[in-house]
Amino acid sequence: MPSTAGVKSPSSKKRKFSTVTTVADTNGKKSAKKLSTKSKALNKTSATPQEVILELEDAIVESPKNYNNIVTLLGHFKECLNTDQQSAVIAAVSLCRTFCRLMAKGRLLKRKGNTEEETTTVVWLKERYKEYIAELCASLNNDESGVQNTALTLLMRLVKEEGTHVVPEGEAYYFPNDTFYKIVRGVVAADNMDEEVKREWVEKYVDVYDDVRYSFFTAIKRLIDEHEVQGIPKELLTGATDLLLLLKNLPTVDTTEIDSFYALTLPTKPSRKSKAPTLLSPSAHRRVVQETWCSILRQSLPPTLCKAVLLAAERRIVPSFIKPQLLMDFLIACYDHGGTISLLALNGLFHLISIKNLDYPNFFTKLYGLLDRNLFHVRYRSRFFRLLETFLASTHLPATLIASFIKKMGRLCLSAPPGAIVVVVPFVYNLFKKHKATTYMMHRIPVDAEEAEEWRVNGYEDPFDEDETDPLQTRAIESCVWELETLMSHWHPNVATLCRIMKEQFTKERYQLEDFLDHSYGSMFDVETNRELKKAPVVEVDIPKKIFFRVEGQETEETGDALLDLWNFK
């Protein structure tokens, strides 16, 4: 085992160095035998495991001659992790305290004046330290969330101590990126890791400290780049993306200072000639966020991940980008995908078009294509109509385009649920008020006597082409909104009453769409059941003896009940 005891003579130095080279070979049979023997001794001792572990820890701190106790504690941690977790956790905490003390004393840092024996000791200690880090990272995949939480806490404590005491010579701003990369890799790769543990780790460290967040994004990008050539496993991509989506405190254009540090040590007297490192620049933090997300979005994301990214894009991802235009390809691909993914891509795409002046000529054509029967049944229906109201608000849009949207929505309402119809009707009302040229659709009359005679003989033929994908070519402006007239006879009384506003004078300036967006079967049912009745409903006075079958003795007689006269339920 390496020893840093005082050297009094060349002969003693030679003797101790030979001991170092013998014991430091932990991969040999002799070291393996020692490890097994000490682990058994630890388990068979009459004292409790906790007492023995504390004794070994104290011995390590007292003298470098006892550094071999580190190997004993590591072996006990590995062996007891799946059998005696309490004892394993005690050993892990003891090792953490040991390495923190060694780092504070400078025992893990190479110095120019070190002897050959001291250098060998430092190398050996660093190997054990890396082994300990690897075992803690592996325990992140343990079945118990308590073990996972403890391992993460110990790892972050080691990161802090390493950033404080193991600073290489010549580095004024140092953060232990290599150690932190192993932690991030372990968290991403842990399949059994509890989501609450991940969230707590992000909220406690990554979202709070600027240096941890910067190293976190750097580690994710490095992890993706390392696997990009051979193909990124689906589990790794999912874990990395889910972890990124947990972050809420990201740098934006309003971020002016980077001053929250966890393990980064700032020089007490910075040189005036030296430039400040990129780590202290807000633009550098935004750039690393941008590069990391771009490396993620270049991959083929599964639909569930794609939806999660799109939901967070507008408020959390786009504001952190230095060049939001880099998201254009991803948003267009999602917009062209169809279905729910297209609905979620709308907001980010429209933001880039309106704010960044990016061109997407087929925007309204694709938007018109999103109107289908499935739209009224998806969970993002309210989100879509909010955005659609924004998209169609400009009075510079052609009336032909607006008429196509009105006609298509009216046609879809014929088979839509009541909760969706009560959204479309006030929405169409607002469109009529804003775009006066489309009101002709509500008062369609024959142009001349010849057309009037044709309508009388052959009936009215709707010129609207429902299968046309181009909203400028549907001929909706030549049609009428007979669908809204039909809805005035809807089976649901509330829907029928609401649709009758189209027959009244348009005295109301506009309807607040938010008042109708949250309606559904459930909300409408609750309204009916909680309504106070002013008058008791009329019920049958005589309770019928039979409903689906005839009364005995009247099997052959006509009862006047069409249900029984026309159907036989036997």
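Residues numbered from 1 in each chain as written. Predicted model: local features only at pLDDT ≥ 70, side-chain atom pairs only at ≥ 80, totals over all residues. Heavy atoms only, no water.

Student: Explain the overall build of the protein to me, please; I cannot follow it from the model alone.
Tutor: Broken down by element type, the protein carries 24 helices and zero strands. Relative to its 570 residues, the protein shows a buried fraction of 44%. Counting only contacts in the protein whose residues sit at least 6 apart along the sequence, the fraction spanning at least 24 positions is 72%. Entry remark: accessible area of the protein is about 31500 Å², with carbon and sulfur atoms responsible for 51%. (Helix = DSSP H or I, 4+ residues; strand = E, 2+ residues; numbered from the N terminus. Buried < 20%, exposed > 50% of the residue type's maximum accessible area, 1.4 Å probe, protein only. Contact = heavy atoms within 4.5 Å. Areas by Shrake-Rupley, 256 points an atom, 1.4 Å probe, with all protein chains shown as cover.)

Student: Is there a simple way to explain the packing of aromatic side chains in this structure?
Tutor: For any pair of aromatic rings, the description rests on two quantities: the centre-to-centre distance and the angle between the ring planes. With the rule as written, the count across this model stands at 21 aromatic pairs. Summarising the aromatic geometry, the rings of F363 and F364 are spaced 5.3 Å apart at their centres and angled 85 degrees between planes, so their arrangement reads as edge-to-face. Grouped by ring-pair contacts, the aromatic residues Y335, F350, Y360, F363, F364 and F391 constitute a single cluster. Above the ring of Y262, the side-chain terminus of K160 is found at 4.9 Å from the ring centroid. The ring of Y368 has K408 lying over it, and the distance from NZ or CZ to the ring centre is 4.5 Å. (Phe/Tyr/Trp six-rings, centres within 6.5 Å; stacked < 30°, edge-to-face > 60°. Lys NZ or Arg CZ within 6 Å of the ring centre and 35° of its normal.)

Student: Where do I start with the confidence of the model for the protein in this structure?
Tutor: Summing up the model confidence of the protein, the mean pLDDT is 83 and the portion of residues at 70 or higher is 85%. In this model, residues 1-42 is a region of pLDDT below 50 whose contacts with residues beyond four sequence positions or in other chains number 58 contacts. (pLDDT = per-residue confidence, 0-100.)

Student: What exactly am I supposed to notice about the nonpolar core here?
Tutor: Considering soluble globular proteins, one finds that nonpolar side chains tend to be buried as a cluster. Counting residues in each nonpolar core, the largest one holds 159 residues, and the members touching the most others are W201, F216, W293 and F385. Per-element accounting of this core gives the leading share, eleven residues, to helix α19 (residues 418-434). The contact partners of F216, leaving out residues within four places of it in the chain, are F180, V184, W201, V206, L243, L244 and L247. (Core = buried A, V, L, I, M, F, W, Y, C linked by side-chain atoms within 4.5 Å.)

Student: Help me understand the side chain of S295, please; the structure alone is not making it clear to me.
Tutor: By the secondary structure assignment, S295 is in helix α12 (residues 282-297). With near-sequence residues (within four places) excluded, S295 lies in contact with K221, I224 and D225.

Student: Whenever I open this one, the side chain of E162 confuses me. Can you help?
Tutor: With respect to the helices, strands and loops of the structure, E162 is situated in helix α7 (residues 145-165). Here E162 is in contact with M103, Y129, V167, Y174, P176 and T179, once residues within four sequence places are set aside.

Student: Would you explain the packing of helix α11 (residues 234-245) against helix α13 (residues 303-317) in this entry?
Tutor: For any two helices packed against each other, the geometry comes down to the angle between their axes and how far apart the axes lie. Two numbers describe how α11 lies on α13: the axes approach to 11 Å, and their chain directions differ by 25 degrees. When the interaxial angle is binned, α11 and α13 end up roughly parallel. The element α11 and its partner α13 pack so that their crossing is left-handed. The residues of α13 that touch α11, namely those facing L237, T238, T241, D242 and L245, are L305, A308, V309, A312 and R316. Split into classes, the residues belonging to the contact of α11 with α13 amount to six nonpolar, two polar and two charged. (Axes fitted to C-alpha atoms, helices over the stretch in contact; angles between N-to-C directions. Parallel < 35°, antiparallel > 145°, perpendicular 65-115°, else oblique. Left-handed = near helix turned anticlockwise from the far one by under 90°. Nonpolar A, V, L, I, M, F, W, Y, C, P; charged D, E, K, R; others polar.)

Student: Is there a simple way to think about unusual backbone geometry in this case?
Tutor: Leaving glycine aside, a negative phi is the common case for residues, and trans is the common case for peptide bonds. A positive phi angle, close to 65 degrees, is found at R475, a residue other than glycine. Topologically, R475 is positioned in the loop between α20 (449-458) and α21 (482-487). For R475, a relative accessible area of 44% translates into the label partly exposed.

Student: Is there a simple way to think about the pattern of salt bridges in this case?
Tutor: Oppositely charged side chains are able to pair whenever their charged atoms sit close together. Scanning all chains against the criterion turns up 22 salt bridges. R199 serves as the salt-bridge partner of E196, at 3.4 Å between the closest nitrogen and oxygen. Of this pair, E196 and R199 both sit in helix α9 (residues 195-206), three residues apart, which is roughly one turn of the helix. Assessed through its relative accessible area of 32%, R199 is described here as partly exposed. Put simply, E478 and R475 hold a salt bridge, and the shortest N to O gap is 3.0 Å. You can call E478 partly exposed: its relative accessible area is 39%. Each of K407, R411, D462, E466 and E483 takes part in a single network of salt bridges with overlapping partners. (Salt bridge = Lys/Arg side-chain N within 4 Å of Asp/Glu carboxyl O.)

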